[in-house]
Structure formats: structure tokens, C-alpha cells
Amino acid sequence: QVQLVESGGGLVQAGGSLRLSCAASGRASSTYAMGWFRQAPGKEREFVAAISWNGGSTSYKDSVKGRFTISRDNAKNTVYFQLNSLKPEDTAVYYCAADSTFTTISTRARFWGQGTQVTVSS
């Protein structure tokens, strides 16, 4: 089992930045691929970004490329998500997720956090 706890959400003006964190605990959590997903009001949850267990590979949703950056520090069992140039359409609950396989985490994640709210005002 892997437990995930997100933090760092909040209210920010358009063009601003936030850094989300996801603290992972549990057996071999540092060996898992990690991802960030989001769910806006009235919409389905969607994949946003993922990182392989050693940080060597990353993937992003097209609309966030160049603005958002996923990274990890396995010594701290923490994954970070730097959100820059935020837009009102980025408003959503952001969820951290973990899975054993990087190539499929965008469509199938085994472990989930509770989410953190990001609100971008115009």
C-alpha cells in the first residue's frame, strides 16, 4: 500500500504560480511512477503529468507543457508539481497518484491522494 498526501493548493491570480507537493509513504513508494491529475467542476478527472520512478522520464498534457513541471525527490519521498503562468481554466482539484508502471499511469493509477484545490482567478 502507498499513502499519498497532497499540499500546496490555494487561490492565485491568473499568471501566478503555485507549487504542489505530494508526500508518499508506504512500502517501496520511491519505486513507483507518480502522476498528477485534476478534476474541474462538472468535468471528468483528467491526466496532467507523470514522472517515472527515477525521474528519468516525464509526460504532460499538451495544454500544460511549458507551464507546469513535475519533479521528485526520492530521498524525501515527495513529488512536486510547479504550476506557472496559471490560467482560470486550470482551476480544479489536483490529485496525486502512484502506480508501478509509468507507461500506463495516465490511464490507470492504483493509489490516490485526497486532492488539493487550486483556484485561479481572472
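Owing to the predicted nature of the structure, the values given are computational and were not obtained by experimental measurement.

**Q** Would you explain the overall build of the protein in this entry?
**A** What the protein contains, in helices and strands, is zero helices and 11 strands. The N-to-C order of helical and strand elements in the protein reads β-β-β-β-β-β-β-β-β-β-β. In summary, the protein has a C-alpha radius of gyration of 13 Å against a globular reference of 14 Å for 122 residues, a match within 12%. Each principal axis of the C-alpha distribution contributes one length, and for the protein these read about 40 × 25 × 25 Å. Scored against the burial criterion, the 122 residues of the protein give a buried share of 42%. Nonlocal contacts in the protein, meaning residues at least 24 apart in sequence, comprise 56% of its contacts between residues at least 6 apart. For the protein, the exposed surface amounts to about 6,300 Å²; the carbon and sulfur share of it is 46%. In the protein, 13 side chains carry a positive charge and 8 a negative one; their mean positions are 4 Å apart.

**Q** Mind showing me how you'd approach the sheet that holds strand β1 (residues 2-7) here?
**A** Strand-to-strand pairing in sheets goes through backbone hydrogen bonds, with the strands running parallel or antiparallel. Across the sheet, four strands lie side by side as β1-β3-β8-β7; this open sheet has antiparallel pairing. Here the strands that pair on one side only, and so sit at the sheet edges, are β1 and β7 (68-73). Ignoring which end each strand starts from, the neighbouring axes of this sheet average 20° apart. Relative to strand β8 (residues 78-83), β7 is paired through six bridges, and the arrangement is antiparallel. Its bridge partner being in β8, Ser-71 is matched across the sheet by Tyr-80.

**Q** Help me understand the state of the cysteines, please; the structure alone is not making it clear to me.
**A** In a disulfide, the sulfur atoms of two cysteines are covalently bonded to one another. All chains considered together, the criterion is met by one disulfide. Across a sulfur-sulfur distance of 2.0 Å, Cys-22 and Cys-96 are joined as a disulfide pair. Between Cys-22 and Cys-96, the S-S torsion sits near -80°, and that sign places the bridge as left-handed. Here Cys-22 is found in strand β3 (residues 18-26), whereas its partner Cys-96 is found in strand β9 (residues 92-99), with 74 residues between them in sequence.

**Q** It is not clear to me how the environment of Thr-103 should be interpreted in this structure. Could you clarify?
**A** Tracing the chain through its elements places Thr-103 in the loop between β9 and β10 (111-112). For Thr-103, a relative accessible area of 65% gives the class exposed. As a C-alpha pair, Thr-103 and Ser-59 span 44 residues in sequence and 9.4 Å in three-dimensional space.

**Q** Would you take a moment to explain the packing of aromatic side chains for this structure?
**A** How two aromatic rings sit relative to each other is given by the distance of their centres and the angle of their planes. Using the criterion set out here, one finds five aromatic pairs in the structure. On the basis of an interplanar angle of 10° and a centroid distance of 5.5 Å, the ring pair of Trp-36 and Phe-81 is categorised as stacked. You can see Trp-36 sitting in strand β4 (residues 33-39) and its partner Phe-81 sitting in strand β8, a full 45 residues away along the chain. Ring geometry for Phe-68 and Phe-81: centres 5.5 Å apart, planes at 80°, overall edge-to-face. One end of the pair, Phe-68, is in strand β7; the other, Phe-81, is in strand β8, and 13 residues separate them in sequence. With respect to class, Phe-68 is no different from Phe-81; both count as buried. One aromatic cluster in this structure is built from Trp-36, Phe-68 and Phe-81. One cation-aromatic arrangement involves Arg-45 over Tyr-95; the distance from NZ or CZ to the ring centre is 5.0 Å. A cation sits over an aromatic face here: Arg-45 above Trp-112, 3.8 Å from the ring centre.

Criteria and thresholds
Residues numbered from 1 in each chain as written. Predicted model: local features only at pLDDT ≥ 70, side-chain atom pairs only at ≥ 80, totals over all residues. Heavy atoms only, no water. Helix = DSSP H or I, 4+ residues; strand = E, 2+ residues; numbered from the N terminus. Rg over C-alpha atoms; globule rule 2.2 N^0.38 Å. Buried < 20%, exposed > 50% of the residue type's maximum accessible area, 1.4 Å probe, protein only. Contact = heavy atoms within 4.5 Å. Areas by Shrake-Rupley, 256 points an atom, 1.4 Å probe, with all protein chains shown as cover. Lys, Arg positive; Asp, Glu negative; His and termini not counted. Charge placed at Lys NZ, Arg CZ, Asp CG, Glu CD. Pairing = 2+ DSSP bridges. Axes fitted to C-alpha atoms, helices over the stretch in contact; angles between N-to-C directions. Disulfide = S-S within 2.5 Å. Phe/Tyr/Trp six-rings, centres within 6.5 Å; stacked < 30°, edge-to-face > 60°. Lys NZ or Arg CZ within 6 Å of the ring centre and 35° of its normal.

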